[in-house]
Amino acid sequence: MSATGPITYIALLDGGSREQAVEVTRVGPGLYRVRLGGRVHEVDAYRHDHGTLSLLVDRKSYSATLDERGDRVRVRLGASVFDMEIPDERRLRLRRAAGRFTVEGKQTLTAPMPGKVVRVLVGPGAEVAEGQALVVIEAMKMENEVRSPKAGKVVELHVAEGQTVEGNAKLCAVE
Amino acid sequence: MPPRRITKVLVANRGEIAVRVIRTCREMGIATVAIYSDADRGSFHVRNADQAVHVGASPSRESYLDIGRVVDACRKTGADAVHPGYGFLSENPAFARAVEEAGVAFIGPPPESMEAMGVKTTARRNMAAAGVPTVPGSPDPIADEAEAHALALQLGFPVMIKAAAGGGGKGMKRCDGQADFSRLWQSARREASSAFGDDRLYLEKFLEQPRHVEIQVFADAHGGCIWLGERECSVQRRQQKVIEESPSCALDEPLRRAMGEVAVKAARAVAYRGAGTVEFLVDVHRRFYFLEMNTRLQVEHPVTELVTGLDLVRLQIEVAQGGQVPAQEAVVRRGHAIEARVYAEDPARGFLPSPGKITYLRVPAGPGVRDDSGVYSGWVVPQFYDPMLSKLLAWAPTRDQAIARLVRALDEYTVHGITTNLSWLVAALRHPAFRSGDYDTGFCARYQEDLVARPDPTLEEVALVAAALSAFKRDTDEAEAFAARAGQASAARSRWARLGLSRVLRGGTP
């Protein structure tokens, strides 16, 4: 079997603030040459059941489990969990353009999980401080406060007390 | 209480504890009935039981907390006993009465004992009268926020706001100063109302650096009452226990015996029957104070099962049939047991619950490991109930070995699709303060930063290799599948050329 590749992937780490290129060439069945950070590793990969990869990297044995959700992948090795993204070219460009996360301008707050709005602590137009609780959502029998990421003014309010919301539903916006 | 034979148990609960009870029933040759809400039709306990009855809509108040519907499910199925598990109706005397009035045995204490302990303020008064030391606080539930605020100032901050009908950390808030009092009081009140259908609250002085140590007791209807050792439950987040172990490093043998005897005294004072837990706070001077008595099986009961070798659910059923508890001298505790609660939650986001679909699940095994779980691969963890997925336990001859064994087992635990606290648990178990045994209920807050699990940086390259190989395999499989369908080698080559080009664009460097 002739070599396949190389294909170079760009992995985004630490929420996109770091990038790492990984070049993969398949040199035989289950055998790969991986160039990473200026070093080349000989890797023997065996795919087990769902999401589990047995890796022999330079003869050391690792069991990696991969929890893949679209571009995002959570790789676990023992107690270590690495969150990364391997976006395709278009999304990589978008991510690079977006730059660093900031709290400048209008910040829209969304429901961190599906649940019920039990309290709305502010009205439209209210001046709020950074860290101030704005909305209280009950899920799984516990109350969770959604707090303002910045000092500013409530410019939008999308929910009312008693309302059921889905995860990521817009709650309010602070500017 | 005349002897009665139990042949069919309705488990008035859900999730892991329902599965736990069903397992023992099966071992005893007793038939089982599950109940379930709309959200729980696919729940693990439903398919483990011999029969199952739908009891209502997903919110617990409309299903698991509806006494009429649960009693009705007993009638429909001919169950002759009810096991309430923990939480829900387990400490509700009205439920115990309704069950007994329907001619069904309630596997738990008499309703009068529950009443004496269930309203936490009454319990404190009863215990003080019986000569059991208690934490300073309000003698009665407080109806009025202003009154509560005044008492908090009198006790001095920090204070604990607690639900009079409470337990399990629901409706319980620590308040450090008067600025937060109103907000926390109202939040506790809503949680208490939603969790127990009873919004009465009371206050207790918060002790500095207390350890939470509880004694398992067991009483029968023939005057027998024994204690089965302690459980150390000081690792708590959001006032909920996360890691429990036995024995406790804070106790020596004389203190252990003293607390055991006080716990038995507390149980006898309320004519207790069945499994119960007397919770104490132990302060830095090794003085202990009665906190509350939980008149039910605890979440962490398997810790005691591992050190004593007893099956507490079996013992509960035997006592409910009129049987006797073993003699105190017959209870032998050996080795060390430790439990970690696996939650669907994100420790990095303030332990925010993380409901959703479990896309893959693999549980640990091997020597000395026990997993009491209520979930399976493919199950959607609903938003309506407690986010606990499972309790993982390890037993070993010594504490160090038990911790090492639990860490090893947690490393094997794999849950995909939702966020869990697995890495957090490992970080907590490995923390020097935990390892030393010298920790208190402030452990989680004090070491919050240390406990946010950081991956081992030396493994980052391996993780990158794994992720890249997985992406490579997906991409090449797609390309090969395309080629196979096209049925032409040339098509495969051209597809490969295209793919190769797109990768060059993607990565920038070929």
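Residues numbered from 1 in each chain as written. Chains lettered and ligands numbered in written order. Predicted model: local features only at pLDDT ≥ 70, side-chain atom pairs only at ≥ 80, totals over all residues.

Undergrad: Break down the packing of helix H7 (residues 145–155) of chain B against helix H8 (residues 178–196) of chain B for me, citing the residues and quoting the values.
TA: All names here are of chain B. Relative orientation of the contacting elements H7 and H8 amounts to 140°, with a least axis distance of 11 Å. With respect to each other, H7 and H8 are oriented oblique. For the pair H7 and H8, the sense of crossing is right-handed. Touching Glu145, Ala148, His149, Ala152 and Leu153 of H7 are Gln178, Phe181, Ser182 and Trp185, all from H8. Its residues placed into classes, the contact of H7 with H8 shows 5 nonpolar, 3 polar and 1 charged. (Axes fitted to C-alpha atoms, helices over the stretch in contact; angles between N-to-C directions. Helix = DSSP H or I, 4+ residues; strand = E, 2+ residues; numbered from the N terminus. Parallel < 35°, antiparallel > 145°, perpendicular 65-115°, else oblique. Left-handed = near helix turned anticlockwise from the far one by under 90°. Contact = placed C-beta atoms within 7 Å. Nonpolar A, V, L, I, M, F, W, Y, C, P; charged D, E, K, R; others polar.)

Undergrad: Account for helix H1 (residues 15–27) of chain B, naming residues and giving values.
TA: Between the first and last C-alpha of H1 of chain B there are 19 Å, a value that for 13 residues agrees with the 18 Å anticipated at 1.5 Å per step. Where H1 of chain B terminates, the next one or two residues include Gly29 of chain B, which has phi positive at roughly 75°. (Expected span 1.5 Å × (residues − 1).)

Undergrad: Go over the sheet that holds strand S6 (residues 159–163) of chain B with me, naming the residues and quoting the values.
TA: Residues and elements named next belong to chain B. Strand order across the open sheet formed by 3 strands is S7-S6-S8, with antiparallel pairing between neighbours. One side of each edge strand has no neighbouring strand; the edge strands of this open sheet are strand S7 (173–175) and strand S8 (201–205). On average, each strand axis in the sheet is inclined to that of its neighbour by 30°, with strand direction left out of account. Alignment of S6 against S7, held across 3 bridges, turns out to be antiparallel. Bridge pairing links Ile161 to Lys173 in S7. Lying over the sheet, H7 contacts S6, S7 and S8, oriented at roughly 10° with respect to S8. (Pairing = 2+ DSSP bridges.)

Undergrad: Any details on the domain arrangement of chain A? Residues and values, ideally.
TA: The figure often quoted for interface size is the accessible area lost as the parts come together. The domain architecture assigned to chain A consists of domain 1 (4–98) and domain 2 (107–174). If you average the C-alpha positions of domain 1 of chain A and of domain 2 of chain A, the two centres end up 37 Å apart. (Domains from an automatic or database assignment.)

Undergrad: Explain the domain arrangement of chain B residue by residue, including any values.
TA: Residue and element names in this part refer to chain B. Entries for chain B in the domain assignment read domain 1 (8–107), domain 2 (136–205), domain 3 (208–334), domain 4 (335–454) and domain 5 (459–507). Computed from C-alpha coordinates alone, the two centres of domain 3 and domain 4 are separated by 23 Å. Where the side of domain 3 that touches domain 4 is concerned, the elements lending two or more residues are strand S9 (211–219), strand S10 (225–237), strand S11 (240–246) and helix H10 (301–308). If you tally residues by element for the side of domain 3 that touches domain 4, the top one is S11, at 5 residues. Taken together, the residues that form the side of domain 3 that touches domain 4 break down as 11 nonpolar, 5 polar and 7 charged.

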